[in-house]
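Architecture and fold: a report
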Amino acid sequence: MRTKVAIIGAGPAGLLLGQLLHTYGIDNIILERQTAEYVLGRIRAGLLEEGTVKLLDEVGVGGRAHHEGLVHNGIELAFGGARHRIDMKGLTGKTVMIYGQTEVTLDLMNARKAAGLSTVYQAADVRPYDFDTDRPRLTYVKDGITHEIDCDFIAGCDGFHGISRASVKPGAIEEFERVYPFGWLGILSETPPVSHELIYNNHERGFALCTMRSTHRSRYYLQCSLDDHVDNWPDERFWDELKRRLDPKAASDLITGPSIEKSIAPLRSYVAEPMRFGRMFLAGDAAHIVPPTGAKGLNLAASDAHYLAGAFREYYDEQSSAGIDHYSTTALSRAWKAVRFSWWMTSMLHKFPDTGTFGARIQVAELDYVCRSKAAMTSLAENYTGLPF
Ligand code: APR
Ligand code: PHB
């Protein structure tokens, strides 16, 4: 088998890259380790920057997002028992859209299927080879048979635990990492959201986030310890703890109900440099991870896919390697700004075990400053709604 671009991973990065390449007339194959149902079963964040929505429009899959997504003009920061609104639209002219990552993935999968593009699900033991030569190739096993794909380029869109980054020879990658001393316990419930915008709560008992998937489905998160377990959190305990961390109005407005999903995720910041190794390129979580505070993960996967697709287009249409030569620097420059922003939001909003009462007072001073200074608010809003790409 032969293709121009062999993509490993059918998450948002791989699927969007595949669709962009298809739009540009560049043939590609996606190899995914899991089934499509498994990929769609993963509950992830659900906040799209305008730039991400534009990319969905560019590949013709934005229709359902525009119809079902909720456009938000602002967010609220809560601390000291009161809520403070950041008017993102007023400050930057930009909004964000609430639309689940699962829905984005489904829309991209459907478009890929409708276009007749090749995706191999349950591709086991995917291995990239010879990407430091002009003739890279991949092997994978499907139904017990080993297959080989010759290609011009390999796109490693296979997430943090993927094979692409792991295939690079030791010493060729520099890694930057911060692991946070807490996790997020999240639940999904078929209840109306407590407020029409997101509320980020800094509380002495720990961070809490009120977000949503739709006008009738809510998503709530509580900061929890890393060794905690969902079995320790029956719904009643979750709702009680959430109420304790909300401002009085939100606590009394909160409508509770049975959870339909409950999970714990650790928080991590991670960047691998560079994002190019000869003819193999990393995109999305394969290259960088951000903590969920600010919901940048999916949006970074989208901007990487945009940069990479543009680089391949330049290569095929203009016989120029400039785009692929600059890809790593360009993508890392944007990724680091999102890494910084997510780290900053995380630092400002969570309870840290080692910073004590001094750290807690500094957080309140910072939150108070952010909510009073137009310059600080604008900086938050500019990063939250997404830096340009
Ligand atoms: N072979 C084939 N596929 C693989 C392999 C492998 N060895 N390893 C991983 N994969 C697949 C995974 O099963 C997954 O479907 O690669 C895909 C990677 O998808 P994501 O983890 O969703 O990563 P990405 O597409 O970069 O999207 C980033 O997803 O993790 C969230 O918060 C993150 O929202 C962000 C977004
Ligand atoms: C979510 O809806 O899951 C979400 C939204 C905003 C965040 C994190 C998660 O900052």
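Definitions and cut-offs
Residues numbered from 1 in each chain as written. Chains lettered and ligands numbered in written order. Predicted model: local features only at pLDDT ≥ 70, side-chain atom pairs only at ≥ 80, totals over all residues. Heavy atoms only, no water. Helix = DSSP H or I, 4+ residues; strand = E, 2+ residues; numbered from the N terminus. Contact = heavy atoms within 4.5 Å. Polar contact = N/O pair within 3.5 Å; in protein donor to acceptor, adjacent residues only side chain to side chain. Axes fitted to C-alpha atoms, helices over the stretch in contact; angles between N-to-C directions. Left-handed = near helix turned anticlockwise from the far one by under 90°. Domains from an automatic or database assignment. Buried area = accessible area lost by both parts, 1.4 Å probe. Salt bridge = Lys/Arg side-chain N within 4 Å of Asp/Glu carboxyl O. Nonpolar A, V, L, I, M, F, W, Y, C, P; charged D, E, K, R; others polar. Near = heavy atom within 4 Å. Areas by Shrake-Rupley, 256 points an atom, 1.4 Å probe, with all protein chains shown as cover. Expected span 1.5 Å × (residues − 1). Buried < 20%, exposed > 50% of the residue type's maximum accessible area, 1.4 Å probe, protein only. Pairing = 2+ DSSP bridges.

Digging into the environment of threonine 23
With respect to the helices and strands, the residue threonine 23 is situated in helix H1 (residues 12-23). In this structure, the C-alpha to C-alpha distance between threonine 23 and alanine 309, residues 286 residues apart in sequence, is 9.7 Å. Sequence-distant contacts of threonine 23, defined by excluding residues within four places in its chain, comprise Glu58 and Val59. Reaching out from threonine 23, the side chain makes a polar contact with the backbone oxygen of glutamine 19 at a distance of 2.7 Å.

A look at the packing of H1 against helix H6 (residues 101-114)
At a minimum axis distance of 10 Å, the contact between H1 and H6 shows a crossing angle of 35°. Regarding H1 and H6, the two cross each other, and that crossing is left-handed. Of the residues in H6, those touching H1 at Pro12, Leu15, Leu16, Gly18 and Gln19 are Gln101, Thr105, Leu108, Met109, Ala111 and Arg112.

Thoughts on the domain arrangement of the chain
We note that the domain assignment places domain 1 (2-70 + 97-177 + 268-346) and domain 2 (180-267 + 353-385) within the chain. Spacing between the C-alpha centres of domain 1 and domain 2 amounts to 29 Å. Taken residue by residue, the interface counts 24 residues in domain 1 and 22 residues in domain 2. Each partner contributes to the roughly 1,800 Å² buried at the junction of domain 1 and domain 2, and carbon and sulfur atoms together form 68% of this total. When the buried surface of domain 1 facing domain 2 is broken down by residue, Ile43, Ile98 and Trp344 rank first, second and third, together holding 26% of it. One can count zero salt bridges joining domain 1 with domain 2. Across the contact surface, domain 1 and domain 2 share five residue pairs in polar contact (both at pLDDT 80 or more). In terms of residue count, helix H11 (residues 322-349) provides more of the side of domain 1 that touches domain 2 than any other element does, seven residues in total. Classifying every residue of the side of domain 1 that touches domain 2 gives 11 nonpolar, six polar and seven charged.

Here's the deal with unusual backbone geometry
Here the residue pair glutamate 273 and proline 274 is connected by a cis peptide bond, since its omega of -5° sits within 30 degrees of zero. Tracing the sequence through the fold places proline 274 in the loop between strand E16 (259-273) and strand E17 (276-277). A positive phi angle, close to 50°, is found at aspartate 143, a residue other than glycine. Here aspartate 143 is to be found in the loop between strand E10 (137-142) and strand E11 (145-156). One non-glycine residue, alanine 295, lies in the positive phi region at around 55°. As for its position among the elements, alanine 295 is in the loop between strand E19 (288-289) and helix H10 (297-318).

Examining the site of ligand 1
Near ligand 1, the surroundings consist of 24 residues, among which Glu32, Arg42, Arg44, Gln101 and Asp285 are the closest. At 3.2 Å from an oxygen atom of ligand 1 is found a main-chain nitrogen or oxygen belonging to proline 12. Between ligand 1 and the protein, one listed contact pairs an oxygen atom with a side-chain N or O atom of arginine 44 at 2.7 Å. For ligand 1, the protein covers 90% of the area, taking 700 Å² as the surface of the free molecule. For the shell around ligand 1, the element with the most residues is H10, which contributes three residues. For the shell around ligand 1, the per-class residue count stands at 10 nonpolar, eight polar and six charged.

Brief notes about H1
Here H1 is 12 residues long and its end C-alpha atoms lie 16 Å apart, about the 16 Å a rise of 1.5 Å per residue gives. Across the 12 residues that make up H1, a large majority, 10, are buried. For H1, the complete set of buried residues consists of Pro12, Ala13, Gly14, Leu15, Leu16, Leu17, Gly18, Gln19, Leu20 and Leu21. Looking at the buried positions of H1, the neighbouring elements they touch are strand E1 (2-8), strand E2 (28-31), helix H3 (50-58), H6, E11 and H10. One or two residues past the end of H1 sits glycine 25, with phi positive at roughly 80°.

Side note on the pairing of E2
Burial of the side chains of E2 extends over both faces: Asn28 and Ile30 are buried on one face and Ile29 and Leu31 on the other. In terms of strand pairing, E1 meets E2 through four bridges, oriented parallel. The residue bridging alanine 6 from the neighbouring strand is isoleucine 29, located in E2. Across three bridges, E2 lies against strand E8 (residues 118-120) in parallel orientation. Within E8, the residue paired with leucine 31 across the bridge is valine 120.

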